[in-house]
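Listed below, chain by chain, are the residues.
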Amino acid sequence: MARLFDAYVIADWTAAEGKKLGENSVWIGVAKRDVRFRLYTETHNVATRAEGEAMLKSILADHAKRGDRVFVGFDFSLGYPVGTAARLALKETPAWTAMWKFIAANIVDKADNTNNRYQVAAKMNRLMTDEAWPLWGAPAKQAQRWLTTTKPPAGSGADIPEYRATENAVRKGKLQPKSNWQMHGAGAVGGQTLVGIPMVRRLLESLGSSGAVWPLGTGWRALDAADVEPLSVLVAEVWPSMWPTTAAEGEFKDQAQVRTTAEAIALMDEKGELSAAFGPKKGTDEALIAQVQDEEGWILGV
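Calculation criteria
- Residues numbered from 1 in each chain as written.
- Predicted model: local features only at pLDDT ≥ 70, side-chain atom pairs only at ≥ 80, totals over all residues.
- Heavy atoms only, no water.
- Phe/Tyr/Trp six-rings, centres within 6.5 Å; stacked < 30°, edge-to-face > 60°.
- Buried < 20%, exposed > 50% of the residue type's maximum accessible area, 1.4 Å probe, protein only.
- Helix = DSSP H or I, 4+ residues; strand = E, 2+ residues; numbered from the N terminus.
- Salt bridge = Lys/Arg side-chain N within 4 Å of Asp/Glu carboxyl O.
- Pairing = 2+ DSSP bridges.
- Axes fitted to C-alpha atoms, helices over the stretch in contact; angles between N-to-C directions.
- 1 Å grid on protein atoms, 1.4 Å probe; cavity = no way out; pocket = protein on both sides within 12 Å on 5 of 7 lines; lining within 4 Å.
- Points joined across faces, edges and corners; volume = space filled by probe spheres on them.
- Nonpolar A, V, L, I, M, F, W, Y, C, P; charged D, E, K, R; others polar.
- Expected span 1.5 Å × (residues − 1).
- Contact = heavy atoms within 4.5 Å.

Engineer: I'd like to hear about the packing of aromatic side chains, residue by residue, with values.
Structural biologist: Enumeration over the complete set of coordinates arrives at ten aromatic pairs. Seen in terms of ring centroids, F5 and Y8 are 6.3 Å apart; in terms of plane orientation they differ by 75°. Their pairing is edge-to-face. In this structure F5 comes out as buried when scored by relative accessible area, which is 2%. By relative accessible area, which is 0% here, Y8 ends up buried. Relative to F278, the ring of W214 has its centre 5.4 Å away and its plane inclined at 70°; by these criteria the two rings are edge-to-face. Here F278 lies in the loop between α9 (274-277) and α10 (286-296) and W214 lies in the loop between β5 (211-213) and α7 (225-228), a separation of 64 residues in the sequence. Neither residue differs from the other here; W214 and F278 are each classed as buried.

Engineer: Any details on the pattern of salt bridges? Residues and values, ideally.
Structural biologist: Overall, the coordinates contain 20 salt bridges when judged by the stated rule. The partner of E162 in a salt bridge is K151, with the nearest N and O atoms 2.8 Å apart. Of this pair, E162 sits in the loop between α4 (117-128) and α5 (165-171) while K151 is found in the loop between α4 and α5, placing the two residues eleven residues apart along the sequence. On the basis of relative accessible area, E162 is assigned to the partly exposed category, the value being 32%. With a closest N to O distance of 3.8 Å, E205 and R201 form a salt bridge. Separated by four residues within a single helix, E205 and R201 lie in helix α6 (residues 190-207), roughly one turn from each other. By relative accessible area, which is 53% here, E205 ends up exposed. For R201, a relative accessible area of 23% corresponds to the partly exposed category.

Engineer: Outline the sheet that holds β5, supporting the account with residue identities and numerical values.
Structural biologist: What the six strands build is an open sheet, ordered β3-β2-β1-β4-β6-β5; its pairing is mixed. Two strands bound the open sheet, and with one partner strand each, they are β3 (39-46) and β5. Neighbour to neighbour, the strand axes of the sheet diverge by 20° on average, direction disregarded. Direction of pairing for strand β2 (residues 26-33) relative to β3: antiparallel, over a ladder of eight bridges.

Engineer: Pulling in residues and values, what's your account of the layout of surface pockets?
Structural biologist: As a volume, the largest pocket reaches approximately 990 Å³. Around the largest pocket, the lining is made up of 41 residues, and of these N24, G187, A188, V189 and Q192 lie nearest the centre. Those elements that provide at least two residues to the lining of the largest pocket are α4, α6 and α8 (253-270). With three residues, the single largest contributor to the lining of the largest pocket is α8. Grouping the constituent residues of the lining of the largest pocket by class yields 15 nonpolar, 13 polar and 13 charged. Taken as a whole, the second largest pocket encloses approximately 340 Å³ of empty space. In terms of lining, the second largest pocket is formed by 16 residues, of which the most central are A169, W220, K281, W298 and V302. Sorting the residues of the lining of the second largest pocket by element identifies α5 and α9 as the ones contributing at least two each. In terms of residues, the lining of the second largest pocket owes the most to one element, α5, which gives three residues. The class makeup of the residues in the lining of the second largest pocket is ten nonpolar, four polar and two charged.

Engineer: Report on α4, specifying residues and quantitative values.
Structural biologist: End to end, α4 covers 16 Å across twelve residues, agreeing with the expected 16 Å (1.5 Å per residue, within 8%). Buried within α4 are the following residues: R117, Y118, V120, A121, A122, M124, N125 and M128. For α4, the secondary structure elements touched by its buried residues are α2 (84-87), α3 (95-106) and α6. With its phi angle positive at about 60°, D130 sits one or two positions after the end of α4.

Listed below in structure tokens is the structure:
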């Protein structure tokens, strides 16, 4: 079975304010083949999200010149728990496009990494519940009526799912992913999701019909060569903690994670296992398939 992709790019994003290199900054890993078709990886580290976005565009442009098909994985959520768009009174369908548009219209993310993610989280709470939930977690100076420093009391907004279906599927094992609602604290992904989605949206807009996002844009189904052939880029959500990582000497943890995740996905493609990984398990309920592809998204490999 032929490989679906020629290169594999993994981006480890950050919501950090201020310029930063090294740990907890933007890392991009690229696995590709040399002239003898041997797989090798390179990693890049940049100090701001704007530089990261520019670097991604440059990497993709280089591959496009060669006619390569590229898989791009991002380490933040591309969707929100079912019902979020409806609670925000967003009418457009599918719900994920309405959410992407809403977030892109509200997030201000400047070239020096300053951004308004906490204000946007507070606005979402105000619109969804008029309380300080479901989004939670902020430094003391960012806390306000609609956003608290700590997790709301148990039962607050209990009818709002804390996790997406994909995170619930992961949580059955040893790994414990964070909820999209958590904005601050160790491992929190809420901020990255808010600043990351507008960047992915811009990236896909710049690619036009040659870019697609899985499973939101493609449907939650196994993808074959005929699906990928017309594309130059397929974007998906990944979670590097799922893949075994051993940092080489002198490597940062994030650097090792983007490298090993890119290598793991390249190996799946090499073995002909990637196509099926894009689809749900046999016998998956139709309602769940609709929920995943219309609003929530899914983590590749779960």
